[in-house]
Amino acid sequence: MALSLPLIPAKTLTATTTITQFPENPKTLNLKQCKTIKELNQIHAHLIKTRLLHNPRIAQTLLESAAIVLPEPMNYAISIFDKLEEPDSSDYNIMIRGFTSKQSANEALILFKEMCERSVQPDEFTFPCILKACSRVHGLKEGMQIHGHVMKSGFGSNGLVQNTLIHLYGNCGEIGVARHVFDAMSERNVITWNSMIAGYTRSGCWEEVVELFRNMIEMDVGFDVVTLVCVLTACGRLADIDLGEWVDEYAEANGLKGNPTLVTSLVDMYAKCDRVETARRLFDQMPQKDVVAWSAMISGYSQANQGREALALFHKMRKTNVEPNEVTMVSVLSSCAVLGALETGEWVHSYIKKKRMKLTVNLGTALVDFYVKCGSLESGIEVFKKMPSRNVLSWTVLIQGLASNGQGKRAIEFFNLMLEENIKPNDVTFLGVLCACNHAGLFDEGRGFLVSMSRDFDIEPRIEHYGSMVDILGRAGLIEEAYQFIKNMPIEPNAVIWRTLLASCKIHKNVEIGEESLQNIVRLEPAHSGDYVLLSNIYASVGRWEDALRVKIQMKDTGVKKTLGCSLIELDGTIHEFFAEDNLHPHSEEIYNATEDMIKQIKLAGYVPNAAEARLDAEEDNKEAYVSYHSEKLAIAFGLIRTSPGTTIRISKNLRVCTDCHNVTKMVSKVFNREIVIRARNRFHHFKDGACSCMDYW
DNA sequence: TTAGGGTTAG
């Protein structure tokens, strides 16, 4: 190995400058007190000059300072190590630890190999050190070889070694093997338990984390902050607020709230347990917030569907000197995706480029997901192609994105490419594939995929897959067959399945099966307003006005509240929110005028308001007016007056698009020569030249 | 000299 000794010239070591600082007997030198490389240089030079470096103990202390105490690169330590006449196991241990702690675990492994070749026997500390190195680089294969070595060397029942083995296997996803080592141990300490719990945490086995924690308490093992951090993570994922609060109280009572990692875990737990305000309070109280704390709070908002708060917090973070990392950006992009905030997300994308952040699999996938969820398919595909590596999730978000945007055939092409690249699809991938078949009208293919997923890929279809199949049949107009399919399903149908059928009944005007569907839905899930609206619309569409009204009244009587329609449009990075008939917007009057204007113009081109739905939605006299001011119409009109001609208008809304709004948007796309993308509750609609990508089925 | 912890997309 190359020698690079940045020696201070001997002449600087004058009695007045340096030597006098040393104690008389250099053996008592505490080299670990060296704070800088310069100090170490001086001592090193002195030891060479006085020949004390030939003393192995002194040399080893120097080595330890260079390799472990100082944060310098390993070159210096290497130069000392290479000069050792006969390095023993403890010298090797120091070097292995140094490499591992300085992120060069591979070099640690090379050195261990060299140690074995030079017949230096590993001691009880060597194995924990080298196993930690394996763990760092997820070197399962190397770790297993060393495990074999451990057994041969007789350290198989050494507690330290076993703890590190648990950590290694847990860290490499071999949680079963980790548990095997754990179960075989005769004595376990807190670290043993924590290593096992940490492994379960890493593998997402949240129930096991809680179970082990309860065992720890029952068996009186004791626990510490590390245990609690893992338990809190599990509480968040399991939405176990009771245990989470218990941990919080324990931490409070035992003065652990000063530990930033623990508080970050509390923030995460509260946010995931739907207590975002509590999380924010804790977050605000943290005196020092690192990137993980910020990311946890941002992702808390993002997951609680509070995208605007997430973005606001991200902007606040940018004013501090804490640099966001890839993980932060994943949550920020997810918020943009949920909000449909294309401009903001595009800005985030350029920010990622400017900061030269690594396009990790997660970050790349989040970007693809963001673009396709904003209906910006080409950008999504471009990012996807540029990703240095992709996993099943990356493919799945792309397939789902293409499918929900009405590009079913293209989605299936990507699915085939995925198989060619030997990426194994999972259950969610198949949801995307079935969705693609649905939107592309690929009826036979859909049926084929449903069979294939269990036969060829060993994935049991879940209720969602059956639901997708019901949708495929319904779209094809095979209502009766869809009904029989539900009856013969191996799983008990839920409200979603019946709702899917109900929606098909609406399109194909099948009153009889529609009625039965609603009965089933009401039985399973009484308080869902959309179903009543759908049935009511079915009656209306076949002219059964009294029945339609009866359903409306029934809806009122049973206390089912209609969800308020809400549409969002982003202009110059600001998100504007509209509710049906609202006048909350500061430019309300202007927007209403624009909406009237828009309707007037499309009427000239032949638009006739949809009487059926208008009639039902209307309160008394102002029948037409009511539908005219559905939230997406207001948002589109606002988009028309605030963007330059030809610009694509992008809206996201919380409900399905109603028939009248769908007609209006088609007409607007033609009359005003605009592409309009509406992201609705269940799918995307791309309007262009008077037609929609959903082919009028949604 | 030795072992364990928090944030991320479908």
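These numbers were taken from a predicted model, which means no experiment stands behind them.

Student: Honestly, the pattern of salt bridges in this entry has me stumped. Any pointers?
Tutor: Pairing between side chains of opposite charge can happen when their charged atoms approach one another. Across all of its chains, the model carries 21 salt bridges by this definition. With a shortest N-O distance of 3.1 Å, Arg179 and Asp183 are connected by a salt bridge. Here the residue Arg179 and the residue Asp183 both occupy positions in helix 9 (residues 175-184), the gap between them amounting to four residues, near one helical turn. Taking the relative accessible area as the measure of exposure, Arg179 reaches 26% and is therefore partly exposed. Taking the relative accessible area as the measure of exposure, Asp183 reaches 44% and is therefore partly exposed. Among the salt bridges present, the one from Lys653 reaches Glu632, with a minimum N-O distance of 3.0 Å. Placement of Lys653 in strand 3 (residues 649-653) and of Glu632 in helix 35 (residues 631-642) is noted, with a sequence separation of 21 residues between them. Here the salt bridges do not stand alone but share partners, grouping Asp248, Glu252 and Lys257 into one network.

Student: Help me understand the confidence of the model for chain A in this model?
Tutor: Regions with low pLDDT should not have their predicted coordinates read in detail. Residue-level pLDDT values for chain A average 86, and 91% of them are 70 or greater. pLDDT under 50 marks residues 1-28. Its contacts with residues more than four places away, or in other chains, come to 38 contacts.

Student: Would you take a moment to explain unusual backbone geometry for this structure?
Tutor: In most cases, non-glycine residues show a negative phi, while peptide bonds are predominantly trans. The phi dihedral of Ser119 is positive, around 55 degrees, even though this residue is not glycine. Mapped onto the secondary structure, Ser119 falls in the loop between helix 5 (105-117) and helix 6 (126-136). A positive phi angle, close to 60 degrees, is found at Asn422, a residue other than glycine. Mapped onto the secondary structure, Asn422 falls in the loop between helix 23 (408-420) and helix 24 (427-440).

Student: Help me understand the sheet that holds strand 6 (residues 691-692), please; the structure alone is not making it clear to me.
Tutor: The strands making up a sheet associate through backbone hydrogen bonding, with each pair oriented either parallel or antiparallel. The six strands lie next to each other as 2-1-3-4-5-6, forming an open sheet whose pairing is mixed. Each having just a single partner strand, strand 2 (574-579) and strand 6 make up the two edges of the open sheet. Pairing of strand 1 (residues 566-571) with strand 2 involves six bridges; the strand directions are antiparallel. Within strand 2, the residue paired with Leu568 across the bridge is Glu577. Where helix 36 (residues 659-671) meets the sheet, its contacts fall on strand 4 (676-679), strand 5 (684-688) and strand 6, and the angle it forms with strand 5 comes to roughly 35 degrees.

Student: I'm lost on the side chain of His147 in this one. Help?
Tutor: Within the fold, His147 resides in helix 7 (residues 140-152). Judged by its relative accessible area of 17%, His147 is buried. Side chain to side chain, His147 and Tyr169 meet in a polar contact 2.7 Å long. Every residue in contact with His147, bar those within four places of it in the chain, is listed here: Leu165, Tyr169 and Val181.

Student: When you look at the protein's contact with DNA strand B in this model, what are you seeing that I'm missing?
Tutor: Contacts to DNA strand B come from 47 residues, most closely from Leu160, Asn194, Asp224, Asn362 and Asn426. Taking the atoms of DNA strand B that fall within 4 Å of the protein, sugar and phosphate contribute 47% of them. Thr264 places a side-chain nitrogen or oxygen 2.6 Å from a base nitrogen of DNA strand B. Considering every element that reaches the surface near DNA strand B, the biggest residue donor is helix 14 (residues 260-272), with six residues.

Student: It is not clear to me how the pairing of strand 3 should be interpreted in this structure. Could you clarify?
Tutor: Note on strand geometry: in a regular strand, side chains alternate between the two faces of the sheet. In terms of residue burial, strand 3 counts as a mostly covered element, since four of its five residues are buried. Direction of pairing for strand 1 relative to strand 3: antiparallel, over a ladder of three bridges. Along strand 3, the bridge assignment pairs Leu568 with Ser652. Alignment of strand 3 against strand 4, held across four bridges, turns out to be parallel. Within strand 4, the residue paired with Ser652 across the bridge is Arg679. Running through helix 36, the crossover from strand 3 to the neighbouring parallel element strand 4 is right-handed.

Student: In this structure, what is going on with the packing of aromatic side chains? I would like to understand it.
Tutor: Any aromatic ring pair is given by two values, namely how distant the centres are and how the planes are angled relative to each other. Taken as a whole, this structure holds 22 aromatic pairs when the rule is applied. With a centroid separation of 6.3 Å and 65 degrees between ring planes, the pair formed by Phe112 and Phe127 is classed as edge-to-face. Residue Phe112 is located in helix 5, and its partner Phe127 is located in helix 6; the two are separated by 15 residues in the primary sequence. Judged by its relative accessible area of 0%, Phe127 is buried. In this structure an aromatic cluster arises from ring pairing among Phe213, Phe223, Trp246 and Tyr250.

Student: Help me out: how do you make sense of a positive patch on the surface in this one?
Tutor: Residues Lys316, Arg318, Lys319 and Lys354 make up a contiguous surface patch of positive charge. Here Arg318 is to be found in helix 17 (residues 307-318).

Student: Explain helix 6 to me, please; I cannot follow it from the model alone.
Tutor: An α-helix turns once every 3.6 residues. As a result, residues three or four positions apart point the same way. Of all eleven residues that make up helix 6, nine are buried, and the element is covered over most of its length. Taken as a whole, helix 6 has its buried residues at Thr126, Phe127, Pro128, Cys129, Ile130, Leu131, Ala133, Cys134 and Ser135. Trailing helix 6 by a residue or two, His138 shows a phi angle of about 50 degrees, which is positive.

Student: Looking at this structure, I do not really get the UniProt feature "repeat: PPR" (unreviewed entry) in chain A. What am I missing?
Tutor: Under the feature "repeat: PPR" (unreviewed entry), the UniProt entry names residues 88-122, 189-223, 259-289, 290-324 and 391-425. Regarding residues 391-425, the helix share stands at 74% and the strand share at 0%, and the terminal C-alpha atoms are separated by 10 Å.

Student: Would you take a moment to explain the packing of helix 28 (residues 495-507) against helix 29 (residues 511-524) for this structure?
Tutor: The angle between the axes and the distance between the axes are what describe a pair of packed helices. Between helix 28 and helix 29, the least distance of the axes is 9 Å, while the angle of their chain directions is 155 degrees. With respect to each other, helix 28 and helix 29 are oriented roughly antiparallel. Where helix 28 crosses over helix 29, the two elements pack in a sense that is left-handed. Only Ile513, Gly514, Ser517, Leu518, Asn520, Ile521 and Leu524 of helix 29 make contact with helix 28, whose side of the interface consists of Ala495, Trp498, Arg499, Leu501, Leu502 and Cys505.

Student: So what exactly am I meant to see when it comes to the side chain of Ser504 here?
Tutor: By the element assignment, Ser504 lies in helix 28. Ser504 sits in the buried class, given a relative accessible area of 0%. Other than its neighbours up to four places away in sequence, Ser504 contacts Asp471, Gly474, Arg475, Ile479 and Tyr697.

Student: What should I look at first to understand the nonpolar core in this one?
Tutor: Among soluble globular proteins, nonpolar side chains are generally buried collectively. Ranked by internal contacts, the top residues of the largest apolar core, which has 182 residues, are Met95, Phe127, Ile130, Ile146 and Leu501. Considering each element in turn, this core owes the most residues, eight residues, to helix 12 (residues 225-238). Counting contributing residues, this core receives three or more from each of domain 1 (462-562) and domain 2 (566-692). Look past the residues within four positions of Met95 in its chain and what remains in contact with it is Leu63, Met74, Ala77, Ile78, Phe81 and Leu111.

Student: Quick question: what am I supposed to make of the environment of Gly401 here?
Tutor: Secondary-structure assignment places Gly401 in helix 22 (residues 392-404). In this structure Gly401 comes out as buried when scored by relative accessible area, which is 5%. Along the backbone, Gly401 and Leu377 are 24 residues apart, and their C-alpha atoms lie at a distance of 7.6 Å. The residues contacting Gly401, other than those within four sequence positions of it, are Val372 and Leu377.

Conventions and cut-offs
Residues numbered from 1 in each chain as written. Chains lettered and ligands numbered in written order. Predicted model: local features only at pLDDT ≥ 70, side-chain atom pairs only at ≥ 80, totals over all residues. Heavy atoms only, no water. Salt bridge = Lys/Arg side-chain N within 4 Å of Asp/Glu carboxyl O. Helix = DSSP H or I, 4+ residues; strand = E, 2+ residues; numbered from the N terminus. Buried < 20%, exposed > 50% of the residue type's maximum accessible area, 1.4 Å probe, protein only. pLDDT = per-residue confidence, 0-100. Contact = heavy atoms within 4.5 Å. Pairing = 2+ DSSP bridges. Axes fitted to C-alpha atoms, helices over the stretch in contact; angles between N-to-C directions. Polar contact = N/O pair within 3.5 Å; in protein donor to acceptor, adjacent residues only side chain to side chain. Near = heavy atom within 4 Å. Right-handed = clockwise from strand over helix to strand, strands pointing away. Phe/Tyr/Trp six-rings, centres within 6.5 Å; stacked < 30°, edge-to-face > 60°. Patch = residues over 30% accessible without salt bridge, like charges linked within 9 Å, V, L, I, M, F, W, Y side chains within 5 Å. Areas by Shrake-Rupley, 256 points an atom, 1.4 Å probe, with all protein chains shown as cover. Lys, Arg positive; Asp, Glu negative; His and termini not counted. Charge placed at Lys NZ, Arg CZ, Asp CG, Glu CD. UniProt positions renumbered as here; feature names shortened; annotations may be inferred. Parallel < 35°, antiparallel > 145°, perpendicular 65-115°, else oblique. Left-handed = near helix turned anticlockwise from the far one by under 90°. Core = buried A, V, L, I, M, F, W, Y, C linked by side-chain atoms within 4.5 Å. Domains from an automatic or database assignment.

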